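A look at the structure
The residues making up each chain are set out below.
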Amino acid sequence: MRAADLEPLEPYAGRRDKAWRCRCNGCGRETSPSLGGILAGQGGCRHCADVRAAAGRKTDPDIAVAAMRAAGLEPLEPYVTSVTAWRCRCTACGNEVSPTLMKIRAGGGCKFCATHGIDLAGPSKVYVITHQEWKAVKIGIGACTGYTSRLIQHERQGWQLHQARDYTTGAAAYDVEQAVLGRLHQAGLIPFLTSDIMPNGWTETCSAARITAAEVWAMVDEETRSAEKPYAPRTGGRPRAAVLINAEAAAAEMRAVGYEPLVPYPGRTNATWPSRCMTCGH
């Protein structure tokens, strides 16, 4: 057992198939392998085995950097793991973001340049609305323009606008909304309605009997005043395609993971790209 870097914590029981309580000299954790397993080369410490396996699967830092640059992101700190938030600067809009390598490889990119969801780089509103029948108060954000405006959708359900404020970017509006929601959640005031009553947005509702719309709006005022430096708004319209990245960087990322592109870069990270495996030739 000592040859396997394990220190026995109890006498040998006399059977090779019986668990033997030991301490791993590598990590200090307690483990209970059998002598038979150790003699068979199975290893004694599960934790150390997992660490070695993870190290073997870890992406080479140079390949990881190439992947981020291929998605239009310049790393601002060293690579850690594929599931660790990685601080980067978007080369398109200049904003700082912190996606994981895993999300980037799944087709993600800069949240400010995203083509769906809340437009973090465009104008947005924070609003507080009330519902007389449901006796509820709700906070929300959105561009609130056009036929698909969130406020119009809420009005169709019987909600009435209490107050709204414009922000130059959706990111600033989002920060304020999240700060207010955090305070409401900490106070045990949300959620109030259920998804059966309000499928979209129920998690941001409060009981009007416990807090008024004016009190929620006062929180919006406070969080707006204490907000950090403003985000830079985007110049021009919102991108309409999926993340666009540099063609040369995209090809370098494919080659870094063993694929030789057979056609030019299709222009989107979520588009199929015919390539040949550099290992087997398929």
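Starting afresh in each chain, residues are numbered from 1 along the sequence in its written order. Whole-chain, interface and lining totals are the exception, using all residues; otherwise, since this is a predicted model, local features are given only for residues with pLDDT of at least 70 and side-chain atom pairs are given and counted only at 80 or more. As a rule here, side-chain values come from all non-hydrogen atoms in the structure, and water together with hydrogens is ignored.

1. A look at the overall build of the protein
Condition: Numbering goes from the N terminus for both helices and strands, where a helix is a DSSP run of H or I of at least four residues and a strand is a run of E of at least two. The quantity called the radius of gyration is restricted to C-alpha atoms. Its globule counterpart is 2.2 Å times the number of residues to the power 0.38. The rule is simple: take the accessible area with a 1.4 Å probe, protein chains only, and divide by the maximum for that residue type; under 20% is buried, over 50% is exposed, in between is partly exposed. In this description, accessible areas are obtained by the Shrake-Rupley approach with a 1.4 Å probe, and a residue is regarded as covered only by the protein chains that are shown.
For the protein, the helix and strand inventory stands at eight helices and twelve strands. Against the compact-globule benchmark of 19 Å for 282 residues, the protein has a radius of gyration of 27 Å, which places it well outside the compact range. Once the C-alpha set of the protein is aligned to its principal axes, its extents read approximately 75 × 55 × 35 Å. Taken across its 282 residues, the protein has 36% of its residues classed as buried. Here the protein has roughly 16,700 Å² of accessible surface; of this, 52% comes from carbon and sulfur atoms.

2. A closer look at the packing of helix α3 (residues 61-70) against helix α8 (residues 247-256)
Note the threshold: The axes are straight lines fitted to the C-alpha atoms, using for helices just the contacting stretch, and the angles between their N-to-C directions are given from 0 to 180°. Any angle that falls under 35 degrees is termed roughly parallel, while one over 145 is termed roughly antiparallel, one within 65 to 115 roughly perpendicular, and all others oblique. For any helix crossing, the convention is left-handed if the near helix is rotated counterclockwise from the far helix by under a right angle, and right-handed if that rotation is clockwise. Throughout, a residue-residue contact means that at least one pair of heavy atoms, one from each residue, lies within 4.5 Å. Residue type decides the class: Asp, Glu, Lys and Arg count as charged, Ala, Val, Leu, Ile, Met, Phe, Trp, Tyr, Cys and Pro as nonpolar, and the leftover types, Gly among them, as polar.
The N-to-C vectors of α3 and α8 enclose an angle of 150°; their axes lie 8 Å apart at closest approach. Of the possible angle classes, the one that applies to α3 and α8 is roughly antiparallel. For α3 against α8, the interelement crossing comes out left-handed. For the pair α3 and α8, contact is made by I63, A66, A67, R69 and A70 and by A249, A250, E253 and A256, respectively. Residues of the contact of α3 with α8, tallied by class, amount to seven nonpolar, no polar and two charged.

3. Section: the sheet that holds strand β3 (residues 30-31)
For the record, the criterion: Think of it this way: DSSP has to see at least two bridges between two strands before they count as a pair.
Spatially, the three strands line up as an open sheet ordered β1-β2-β3, and their pairing is antiparallel. The open sheet has two free edges, formed respectively by β1 (6-8) and β3, since each of these has just one partner strand. Across two bridges, strand β2 (residues 22-24) lies against β3 in antiparallel orientation. Each bridged residue has a counterpart across the sheet, and for R23 the counterpart in β3 is E30.

4. Points about the pattern of salt bridges
Let me state the cut-off plainly: In what follows, salt bridge is the name for a side-chain nitrogen of Lys or Arg lying within 4 Å of a carboxyl oxygen of Asp or Glu.
Following the criterion strictly, the structure yields 15 salt bridges and no others. Salt bridges sharing common partners tie together E77, R87, R89 and E96.

5. Here's the deal with the environment of E7
Basically, it comes down to this: A 3.5 Å cut-off defines polar contacts: any pair of N or O atoms within that distance qualifies, except that in protein one atom must be a possible hydrogen donor and the other a possible acceptor, and neighbouring residues in sequence count only when both atoms are side-chain atoms.
When you line up the elements, E7 lands in strand β1. As a C-alpha pair, E7 and L35 span 28 residues in sequence and 12 Å in three-dimensional space. Of note is the side chain of E7, whose polar atom sits 2.9 Å from the side chain of R2.

6. Thoughts on the sheet that holds strand β10 (residues 205-207)
In space, the four strands of this open sheet follow the order β9-β7-β8-β10, with antiparallel pairing throughout. Pairing within the sheet leaves two strands with one partner each, and these edge strands are β9 (160-167) and β10. Neighbour to neighbour, the strand axes of the sheet diverge by 15° on average, direction disregarded. Looking at chain direction, strand β8 (residues 136-142) and β10 are connected through three bridges and run antiparallel. Along β10, the bridge assignment pairs V137 with C206. Sheet strands in contact with helix α7 (residues 213-225) are β7 (124-131), β8 and β9, and its direction is about 5° off that of β9.

7. Section: helix α6 (residues 170-186)
The criterion, for reference: Expected helix span is given by 1.5 Å per residue-to-residue step, counting one fewer step than there are residues.
For α6, which comprises 17 residues, the first-to-last C-alpha distance of 24 Å matches the rise-based estimate of 24 Å (1.5 Å per residue) to within 8%. For α6, the full list of buried residues reads G170, A171, A172, A173, V176, E177, V180, L181 and L184. Packed against the buried residues of α6 are β7, β8, β9, β10 and α7. At the exit of α6 stands G188, carrying a positive phi of roughly 75°.

8. Considering the packing of aromatic side chains
Keep this limit in mind: Centres within 6.5 Å make a pair out of two Phe, Tyr or Trp rings, where for Trp the six-membered ring is used; the pair is then stacked when the planes are under 30 degrees apart, edge-to-face when over 60, and tilted otherwise.
Summed over the entire model, instances satisfying the criterion amount to four aromatic pairs. Judged by centre distance (5.2 Å) and plane angle (55°), the ring pair of Y265 and W273 falls under tilted. W273 gets classed as buried once you look at its relative accessible area, which sits at 15%.

9. Here we look at the confidence of the model for the protein
Filter applied, for reference: pLDDT is defined as a per-residue confidence score from the predictor, taking values between 0 and 100.
Residues of the protein with pLDDT of at least 70 account for 91%, and the chain-wide mean is 87. The lowest-confidence element of the protein is helix α2 (residues 46-57), averaging 76 in pLDDT; the highest-confidence one is β10, averaging 97.

10. Describing the nonpolar core
We count it as follows: Side-chain atoms within 4.5 Å link the members of a nonpolar core, which is a set of buried Ala, Val, Leu, Ile, Met, Phe, Trp, Tyr and Cys residues.
In this structure, V126, V128, I139, L184 and V220 are the most contacted members of the largest nonpolar core, which totals 21 residues. Among the elements of the structure, β7, β8, α6 and α7 are those that each provide at least two residues to this core. If you tally residues by element for this core, the top one is α6, at six residues. Not counting chain neighbours up to four residues away, the residues in contact with I139 comprise V126, Y127, V128, E177, V180, L181, E204, V216 and V220.

11. A look at the packing of α6 against α7
The N-to-C vectors of α6 and α7 enclose an angle of 125°; their axes lie 9 Å apart at closest approach. As judged from the angle between their axes, α6 and α7 are oblique. Between α6 and α7 lies a crossing whose hand is right-handed. In contact with V176, A179, V180, R183 and L184 of α6, α7 contributes V216, M219, V220, E222, E223 and T224. Split by residue class, the contact of α6 with α7 holds seven nonpolar, one polar and three charged.

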